[in-house]
Amino acid sequence: MSIKNIAALVSVGRHPVSGEARHCRNDSLAMTLGLALTSHLNATETNTVSFKVLHAGNANNTALKDYLALGASHIDMIDVAAESLIIDALAANLTNTDLILTGSRAENGLDSGMLPYQLAEKLGFSLVANALAIQQTTDGLTGGLEVLQFLPKGKRRSVTVQLPAVIVVHPLAPVELRHAYARQVTGTINQQASPLTHATPQEKTLKWQTETILRKPIKLKARENKSGHARMLSATVSENKGGAVVIEGNSVEKAQVILGYLREHRLINF
Amino acid sequence: MTEHHNIKRINPRRAYEIMTNGVKRITLGLNSDYVAHEVSLHQTSNKPLRSPKKAEKRVLVIAHSERGTLDDHAKQCLAAAAILADAETAVVALVLGELQEDLSNAGVDEVLVMDTLDYQTFQPDIELAFVKNIITSLQPSRIFMPDNLIGDGDLGRRLIASQPEKLAATHVIEINNAHIANYQLGGNAIALASFPYIVLLAPDAADTSLPFSASALAIDPLTANQQMRHAQTPSYASLGMQTIDAAKIALEEADFIVSAGNGVSNVQTLQTLAAALDAAVGASRVAVDDGKFSRDKQIGATGKTVSASTYFAIGISGALQHLQGIKDCRHVIAINRDHSAAIVKRANLSLIGDAEEIMQALISAIAEAKITAITDVKLATQEAA
Ligand SMILES: Cc1cc2nc3c(=O)[nH]c(=O)nc-3n(C[C@H](O)[C@H](O)[C@H](O)COP(=O)(O)OP(=O)(O)OC[C@H]3O[C@@H](n4cnc5c(N)ncnc54)[C@H](O)[C@@H]3O)c2cc1C
Ligand SMILES: Nc1ncnc2c1ncn2[C@@H]1O[C@H](COP(=O)(O)O)[C@@H](O)[C@H]1O
């Protein structure tokens, strides 16, 4: 299966200081990756690949213009009446898509990073998260996508995934965002009413209560209600912190102690 | 022992324990005649047992291991589960990937290990099917997972999406028996909700030091293996892992850091050592101020916070501002002339002596070890041929 339709999902971001609506950087990365892949495929493949940028939400959002400036020539905007309708509205619009690109976390709501997963579940698509780069697999048989994934500590992993798929782009994806005012002027936003007026039997959601003041979270600690003896014991246990100390011996022996430690904990492989 | 006189006798062989640093410690109030039981490096438990008498309920903690151990973030999830569990609730750890450490001090009552589900292999559909089977058989009242990038954040979200009828929360930064909380609106608001069924916990939401230990009983992995067969054919495949050259990687991301302080006179030796260990190079503020390293190498309160598995501190005194930057490092090895330096208390292993001499000796030892490793491989392939 070759890629024919690509979509990028964009949400409305928020300026960290002023709180003003703007593009969401994560989503811009996803959109830019999608644009690059589309033009690459259109230059190398015989069939034409279509690309669309999609947002579900409130029609009067000026922040969407940022995505035009960042390279989208056209944005499809689904007007949804309530937040609970977003997933269904997007899913209804994306059934014929082969590849959906999203950011990793929104900035203007619950920011749970759940939307791509819920969408993939609803559409029955595969999903790969933490993507840094994507390309079509070279061997036509597997008919999928090759994704380079971010893993911590300098590790990366290459994986393949069957299409149709949702790809969640990692914030460290090496993508350069270019802002051009001219594109913002020429680009268009096409507004369409959502066919859905009320949600399918609602899935349960948590009731969140937002606090007015931003405070530091309180760390969960075990409460100590113990006898004096037990307290003494646990005090000696924590006193025990600090590891082995090697004072005796020459440098060569000390070097061997270090190697031994590194090997014992499998921190080296020689 | 019978007493012949009314003189109070002191048993010359009173009960003692050998602590990890080799010092004998006599515990007053312990009455046995002669107890010399060794406290091993990995198990320092004379804490009371938390384990429930009769486990009516279970909470499940799911996490991937790395190199046979669970990282601090996963341990925080275990601690949170254990702290919040009541007397009738058992904490069950489901470890994906091999496990070579004892989890009794992490508050775990039962451990289930599935070593084939290592985080390095991308098999999310198999993992999800497996985890759902375990959930069906254990019927946990709550599920905790670290919201991390080694697979648990991803698996957790798949799990949440696959059962929309259950309540769940991600990026949880605050947790207690009454509520959970996370950041919303792009980090501009803290939001509270009542405790859901699945919690994906952000790092540092719970303290791992527990006043109790637990039994950490291993559950037969065979049952788990049998359950594995039900997984469908995967639509994912792994092509392999890559590791970015240590010299090029950002310090925050590095897994092995060799770090220099004021006690390093020869920067070249340190660079050679770092290259031999395939490690990134860091430095204390004094070493940076001296112009020996660029500012972006500084680790500490006003420099970078690193989370390498191995932090090799050479000629670094261990000032508080420096230690702040390495609080997430798991293995700290120190070389210092002064055995009373603060870094020695933080380090898992300290070598007391001259930095230059020990570095030189270590460079030679590494070169030798690598040659032996290569000849071993050659011999093995020759034999096989
Ligand atoms: C506001 C503030 C912010 C700061 N932020 C940071 C920060 O971000 N990062 C940071 O690192 N510091 C920071 N500092 C500085 C910090 O307090 C210490 O001064 C600094 O970390 C000390 O660096 P050092 O350990 O390399 O040097 P020293 O304190 O001089 O220690 C050198 C160590 O090397 C040992 N030594 C000497 N010669 C040898 C030898 N030949 N062989 C073996 N060992 C030897 C000594 O015994 C000693 O323990 C900050 C300070 C302040 C006030
Ligand atoms: N209203 C929306 N319209 C389109 N895409 C969205 C919307 N909300 C979220 N997304 C996408 O889903 C990703 C994750 O969002 P979230 O799950 O809300 O944190 C974002 O980075 C976007 O790519």
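Residues numbered from 1 in each chain as written. Chains lettered and ligands numbered in written order. Predicted model: local features only at pLDDT ≥ 70, side-chain atom pairs only at ≥ 80, totals over all residues. Heavy atoms only, no water.

**Some words on the sheet that holds strand 14 (residues 256-260) of chain B**
Alright, step 1. Spatial strand order, 13(A)-18(B)-17(B)-16(B)-14(B)-15(B): six strands in an open sheet with parallel pairing. The open sheet has two free edges, formed respectively by strand 13 (244-246) of chain A together with strand 15 (280-283) of chain B, since each of these has just one partner strand. Direction aside, neighbouring strands of the sheet carry axes that sit 15° apart on average.
Alright, step 2. By the bridge criterion, five bridges tie strand 16 (residues 310-314) of chain B to strand 17 (residues 331-336) of chain B in an arrangement that is parallel. Paired with threonine 310 of chain B across the strands is histidine 331 of chain B, a residue of strand 17 of chain B.
Alright, step 3. The strands touched by helix 7 (residues 251-264) of chain A are strand 13 of chain A together with strand 14, strand 16, strand 17 and strand 18 (349-352) of chain B; relative to strand 18 of chain B, the strand with the most contacts, the crossing angle is about 170°.
Alright, step 4. Strands strand 14, strand 15 and strand 16 of chain B of the sheet are contacted by helix 5 (residues 267-276) of chain B, whose axis makes an angle of about 175° with strand 14 of chain B. (Pairing = 2+ DSSP bridges. Helix = DSSP H or I, 4+ residues; strand = E, 2+ residues; numbered from the N terminus. Axes fitted to C-alpha atoms, helices over the stretch in contact; angles between N-to-C directions. Contact = heavy atoms within 4.5 Å.)

**Section: the state of the cysteines**
A covalent bond bridging the sulfur atoms of two cysteines is what the word disulfide describes.
Alright, step 1. Applying the stated rule across the entire model yields zero disulfides over all chains.
Alright, step 2. With no disulfide of its own, cysteine 77 of chain B lies closest to cysteine 329 of chain B among cysteine sulfurs, the gap being 20 Å. (Disulfide = S-S within 2.5 Å.)

**Description of the environment of glycine 242 of chain A**
Alright, step 1. Tracing the backbone shows glycine 242 of chain A in the loop between helix 6 (228-239) and strand 13.
Alright, step 2. Setting aside anything within four residues of it in sequence, one finds glycine 242 of chain A in contact with Val344, Lys345 and Ala347 of chain B.

**A short note on the interface of chain A and chain B**
Alright, step 1. Contacts between the two partners involve 88 residues from chain A, matched on the other side by 104 residues from chain B.
Alright, step 2. Taken together, the two surfaces of chain A and chain B that pack against each other cover about 8,400 Å², and 61% of this comes from carbon and sulfur.
Alright, step 3. Across the contact surface, chain A and chain B share five salt bridges.
Alright, step 4. With its nearest N and O atoms 2.9 Å apart, the salt bridge here joins glutamate 98 of chain B to arginine 266 of chain A.
Alright, step 5. Our enumeration of links across chain A and chain B arrives at 42 residue pairs in polar contact (both at pLDDT 80 or more).
Alright, step 6. Of all the secondary-structure elements, those providing two or more residues to the side of chain A that touches chain B are helix 4 (115-123), strand 7 (126-136), strand 8 (144-151), strand 9 (155-162), strand 12 (209-210), helix 6, strand 13 and helix 7 of chain A.
Alright, step 7. Looking at the side of chain A that touches chain B element by element, the count peaks at 12 residues for helix 7 of chain A.
Alright, step 8. Residue classes in the side of chain A that touches chain B are distributed as 37 nonpolar, 24 polar and 27 charged.
Alright, step 9. The pairing of strand 12 of chain A with strand 10 (residues 189-194) of chain B spans two bridges and is antiparallel. Opposite threonine 210 of chain A, over in strand 10 of chain B, you have alanine 191 of chain B as the bridge partner. (Buried area = accessible area lost by both parts, 1.4 Å probe. Salt bridge = Lys/Arg side-chain N within 4 Å of Asp/Glu carboxyl O. Polar contact = N/O pair within 3.5 Å; in protein donor to acceptor, adjacent residues only side chain to side chain. Nonpolar A, V, L, I, M, F, W, Y, C, P; charged D, E, K, R; others polar.)

**Let's talk about the environment of alanine 191 of chain B**
All names here are of chain B.
Alright, step 1. Looking at the element boundaries, alanine 191 is found in strand 10.
Alright, step 2. What makes alanine 191 buried here is its relative accessible area of 0%.
Alright, step 3. For the pair formed by alanine 191 and glutamate 174, sequence separation is 17 residues and the distance between their alpha carbons is 9.9 Å. (Buried < 20%, exposed > 50% of the residue type's maximum accessible area, 1.4 Å probe, protein only.)

**Digging into the sheet that holds strand 13 (residues 236-243) of chain B**
Alright, step 1. One open sheet accounts for 10 strands, arranged 11(A)-5(A)-4(A)-1(A)-6(A)-10(A)-7(A)-8(A)-9(A)-13(B); its pairing is mixed. Each edge of the open sheet carries a strand with a single partner, namely strand 11 (188-193) of chain A together with strand 13 of chain B. In this sheet, neighbouring strand axes are inclined to one another by 35° on average, regardless of whether the strands run parallel or antiparallel.
Alright, step 2. The sheet contact formed by strand 1 (residues 5-9) of chain A and strand 6 (residues 99-102) of chain A spans three bridges and is parallel. Directly across from alanine 8 of chain A, in strand 6 of chain A, lies its bridge partner leucine 101 of chain A.
Alright, step 3. Each of strand 1, strand 4 (50-57), strand 5 (74-79) and strand 11 of chain A is contacted by helix 3 (residues 86-93) of chain A, which is oriented at about 160° to strand 4 of chain A, the strand it contacts most.

**So, the site of ligand 2**
Residues and elements named next belong to chain A.
Alright, step 1. Residues in close proximity to ligand 2 total 19 residues, the closest being Leu9, Asp27, Ala56, Gly113 and Leu115.
Alright, step 2. In this structure, alanine 106 approaches ligand 2 through a main-chain N or O atom, which is 2.9 Å from an oxygen atom.
Alright, step 3. Serine 112 places a main-chain nitrogen or oxygen 3.4 Å from an oxygen atom of ligand 2.
Alright, step 4. In the complex, 92% of the free accessible area of ligand 2, which totals 480 Å², lies under the protein chains.
Alright, step 5. Put simply, the parts of the chain that give the shell around ligand 2 at least two residues each are strand 4 and helix 4.
Alright, step 6. No other element matches strand 4, which puts three residues into the shell around ligand 2.
Alright, step 7. Class assignment for the residues of the shell around ligand 2 results in nine nonpolar, seven polar and three charged. (Near = heavy atom within 4 Å. Areas by Shrake-Rupley, 256 points an atom, 1.4 Å probe, with all protein chains shown as cover.)

Any functional reading would require information beyond the geometric quantities listed.
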